[in-house]
Number of protein chains: 2
Amino acid sequence: MENFRFAVDCNGGDFAPDEIVKGCILAAQELSCKIFLVGDKEKIEEVLTREGQLRNPLLEVVDAPQNVEFHEPPSTVLKRKNSSLFVGAKLVREGKAQGLISAGNTGAVLAVGKFVVGAEEEIERPAIAVALPNPKGKTVLIDVGANVDSKPKHLVQFAIIGHTYAQEILGIERPRVGLLSIGEEEGKGNELVKETYPLLKQTRLNFLGNAEGRDIYAGTFDVIVCDGFVGNVILKASESLGLAVVQMIKEEIKGSLLAKLGAFLLMPALNRFKKKADFAEYGGIPLLGAKKPVIITHGRANAKAIKNAVKVALEFLHQDFNRKLVENIRTLAPQEARV
Amino acid sequence: MENFRFAVDCNGGDFAPDEIVKGCILAAQELSCKIFLVGDKEKIEEVLTREGQLRNPLLEVVDAPQNVEFHEPPSTVLKRKNSSLFVGAKLVREGKAQGLISAGNTGAVLAVGKFVVGAEEEIERPAIAVALPNPKGKTVLIDVGANVDSKPKHLVQFAIIGHTYAQEILGIERPRVGLLSIGEEEGKGNELVKETYPLLKQTRLNFLGNAEGRDIYAGTFDVIVCDGFVGNVILKASESLGLAVVQMIKEEIKGSLLAKLGAFLLMPALNRFKKKADFAEYGGIPLLGAKKPVIITHGRANAKAIKNAVKVALEFLHQDFNRKLVENIRTLAPQEARV
């Protein structure tokens with residue numbers, strides 16, 4: 001069997017290139033994937049040499065000295081044709097690689113995902129999904145930032161993309177789909193929601209109606225659909241709430257020896273929880289609807305996170321995700337929600 | 001000195017009328033306020049009799065047998081003129097009461113707040129603010145649900161309302177104001193944000209630019225402005241995340257005796273944290289920009305929460321909040337953002 005082949009952006013991310021290159025080595029070793037290490041050749045080879053992997057046939061360096069920094073506008077990448085992201089995306093478009101992984105400028109990854117890798121014909125706007133933890137399992141929130149000012153038909157497409165993700169990747173047989181709003185009843189919400197609701201009713205999805213903010217972590221829906229602006233601020237607010245809670249509890253513990261002992265005894269349970277709750281553990285979030293897997297990892301991704309991101313990309317290929325997605329769009333979407 | 005006078009909706013809320021009436025008694029006793037107990041007279045008097053407070057001159061029952069149930073459309077209240085909410089709001093409009101408190105149907109409270117109590121002339125759309133906890137203090141998020149599909153000038157008004165709230169109620173001298181978006185730089189965000197940004201720059205607020213979801217609980221801004229749809233889903237998602245985390249950690253603790261002991265030792269610190277973090281402790285959230293304080297409490301409000309809500313209303317009057325708000329709109333808003 002031929003190896004699966006992925007392009008990994010070795011210039012982007014807080015710990016580039018060291019941790020990224022080490023992640024590529026792990027991916028080659030543990031997942032037997034062929035990895036194109038796209039980035040500053042000299043620096044990449046330095047790490048490979050140090051790690052004794054310069055001659056590993058699964059690791060191929062592709063020189064792309066430029067980068068798109070975090071503070072730069074995402075569209076920069078489309079003009080910077082020597083950047084690791086652009087070169088990596090081109091490898092995917094040309095079929096040399098079968099997926100792209102990057103810890104770099106998120107907007108730039110989205111840009112090459114949409115415009116270089118390209119979207120499936122049936123999908124007007126690819127979207128980002130995250131599987132958020134809840135006490136009973138996971139809830140897919142989609143879109144969390146690939147699109148703003150979405151139209152009703154885009155939200156319907158997001159719903160079908162989310163449905164496919166829940167079914168094929170999370171293994172949920174008949175995902176319960178909700179439309180994020182500020183009240184349960186049909187007719188509650190903003191203009192976008194009010195126009196999307198009747199369209200979603202026409203799909204052949206298991207659409208249960210409006211979901212509210214409180215449903216996101218409650219396990220009452222398997223897929224919750226929203227515009228990318230809304231999804232993005234929810235996702236980032238959730239992360240920051242988690243950090244704030246930990247910091248505020250630490251502050252309360254400070255003065256008390258007994259509380260410190262308590263925290264120490266609790267640590268193993270807290271770590272198990274953290275592992276379940278930290279969706280970054282799973283290795284990054286996918287841009288769904290692109291022709292090939294495009295995986296965005298956290299800017300702080302370390303070697304393990306990069307390897308896990310490759311694993312996520314691999315999973316999409318193993319599951320033949322895109323074929324099923326396209327089929328679902330064709331069979332589940334009402335005419336008005338098609339491209 | 002004459003007593004301050006408030007109308008309290010005794011029909012609305014999960015624990016009406018018992019806990020609501022008891023809350024009114026506490027408010028009369030501890031805050032020396034005159035309370036109009038608006039609701040089903042018979043039921044209210046039953047509780048007052050049981051509590052030995054039927055002859056308390058600070059407690060006046062106003063009969064209004066009808067209610068707007070949680071599942072009913074908010075606009076119902078405007079037609080149901082015998083409902084406790086409508087009658088209570090009318091008492092405020094007529095000057096008999098100086099503020100309204102309700103644990104009932106939130107949308108209905110907003111409706112009577114806007115249309116019966118009425119908005120200050122300078123405010124086109126009253127908004128709801130919450131002061132969310134962060135490790136360094138509090139951040140005001142506004143609007144969290146009074147308005148959807150807001151226009152740029154409304155967001156500018158929300159910013160000034162939030163600024164006034166932070167200054168007068170939270171005591172922050174020069175509140176740092178941010179516009180919620182999905183990227184820091186000007187130009188990032190949806191259409192609404194892009195159009196609002198230049199207007200906010202023209203105000204005389206301490207406007208620091210875009211805030212991101214991660215800033216909400218980080219203490220990097222004192223006021224964060226958003227449309228009510230976005231604010232509402234963030235607020236409810238945050239509450240549900242808190243509940244989910246507690247439940248998931250409990251699940252992890254279950255099997256381990258040491259972890260249980262740890263949790264027990266930590267409990268006092270956790271309770272101190274909880275008290276700081278639970279904004280419901282403070283007694284409800286205000287609809288700002290209405291002519292008089294309108295305070296929305298949680299549906300599950302108990303007697304103490306109701307008393308605290310009266311305290312919040314009192315604070316707004318003590319601070320002469322509305323006069324300062326109107327003055328701020330006049331002096332801080334650019335022409336385009338005025339009514």
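The rules we used
Residues numbered from 1 in each chain as written. Chains lettered and ligands numbered in written order. Predicted model: local features only at pLDDT ≥ 70, side-chain atom pairs only at ≥ 80, totals over all residues. Domains from an automatic or database assignment. Contact = placed C-beta atoms within 7 Å. Nonpolar A, V, L, I, M, F, W, Y, C, P; charged D, E, K, R; others polar. Core = buried A, V, L, I, M, F, W, Y, C linked by C-beta atoms within 7 Å. Buried ≥ 20, exposed ≤ 12 C-beta atoms within 10 Å, placed from the backbone. pLDDT = per-residue confidence, 0-100. Helix = DSSP H or I, 4+ residues; strand = E, 2+ residues; numbered from the N terminus. Arc of directions from axis to C-beta. Pairing = 2+ DSSP bridges. Axes fitted to C-alpha atoms, helices over the stretch in contact; angles between N-to-C directions. Right-handed = clockwise from strand over helix to strand, strands pointing away.

**A short note on the domain arrangement of chain A**
Residue and element names in this part refer to chain A.
- What the domain assignment lists for chain A is domain 1 (1–123 + 289–339) and domain 2 (125–279).
- The gap between the C-alpha centroids of domain 1 and domain 2 is 25 Å.
- With 20 residues of domain 1 at the contact, the number on the domain 2 side is 18 residues.
- Taken together, the residues of the side of domain 1 that touches domain 2 sort by class into 11 nonpolar, 5 polar and 4 charged.

**As for the nonpolar core**
- Judged by nonpolar contacts, the single largest core of 222 residues is most densely connected at Val8(A), Leu37(A), Val8(B) and Leu37(B).
- Those residues within four positions of Val8(B) in sequence are excluded, and the remaining contacts are Ile20(B), Cys24(B), Ile35(B), Phe36(B), Leu37(B), Val38(B), Ile101(B) and Ile306(B).
- Of all hydrophobic cores here, the second largest spans 12 residues; its members include Ala259(A), Leu265(A), Ala269(A) and Ala259(B).

**Overview of the confidence of the model for chain A**
- Looking at chain A, the pLDDT average stands at 92 and 98% of residues meet or exceed 70.
- Predicted complex metrics record ipTM = 0.88 and pTM = 0.90.

**With respect to helix 2 (residues 41–50) of chain B**
Residues and elements named next belong to chain B.
- Taken as a whole, helix 2 has its buried residues at Ile44, Val47 and Leu48. Around the axis of helix 2, the buried residues are gathered within 100° of arc, so they sit on the same side. Of the residues in helix 2, the exposed ones pointing more than 90 degrees away from the buried face are Glu42, Thr49 and Arg50.
- Taken together, the buried residues of helix 2 touch helix 1 (18–31), strand 2 (34–39) and strand 3 (59–63).
- Once helix 2 finishes, Gly52 follows within two positions and takes phi at roughly 65°, a positive value.

**What about the sheet that holds strand 9 (residues 223–225) of chain A?**
Residues and elements named next belong to chain A.
- Strand order across the open sheet formed by 11 strands is 3-2-1-4-11-10-5-6-9-7-8, with mixed pairing between neighbours. A strand with exactly one partner marks an edge of an open sheet, and here the two such strands are strand 3 (59–63) and strand 8 (206–211). Averaged over all adjacent pairs, the angle separating strand axes in this sheet is 25°, with direction ignored.
- Relative to strand 3, strand 2 (residues 34–39) is paired through 5 bridges, and the arrangement is parallel.

**Considering unusual backbone geometry**
All names here are of chain A.
- Note that the residue after Ile142, namely Asp143, is joined by a cis bond; omega there is 5°.
- Within the element layout of this structure, Asp143 appears in the loop between strand 6 (137–142) and helix 6 (152–168).
- One non-glycine residue, Ser32, adopts positive backbone phi at about 55°.
- Turning to its location among the elements, Ser32 is positioned in the loop between helix 1 (18–31) and strand 2.

**What to know about the pairing of strand 8 (residues 206–211) of chain B**
All names here are of chain B.
- Relative to strand 8, strand 7 (residues 176–180) runs parallel, the two being bridged by 5 bridges. Residue Leu179 lies in a different strand from strand 8, and its bridge partner there is Asn210.
- Between strand 7 and its parallel partner strand 8, the chain crosses via helix 7 (residues 191–202), and the hand of that crossover is right-handed.

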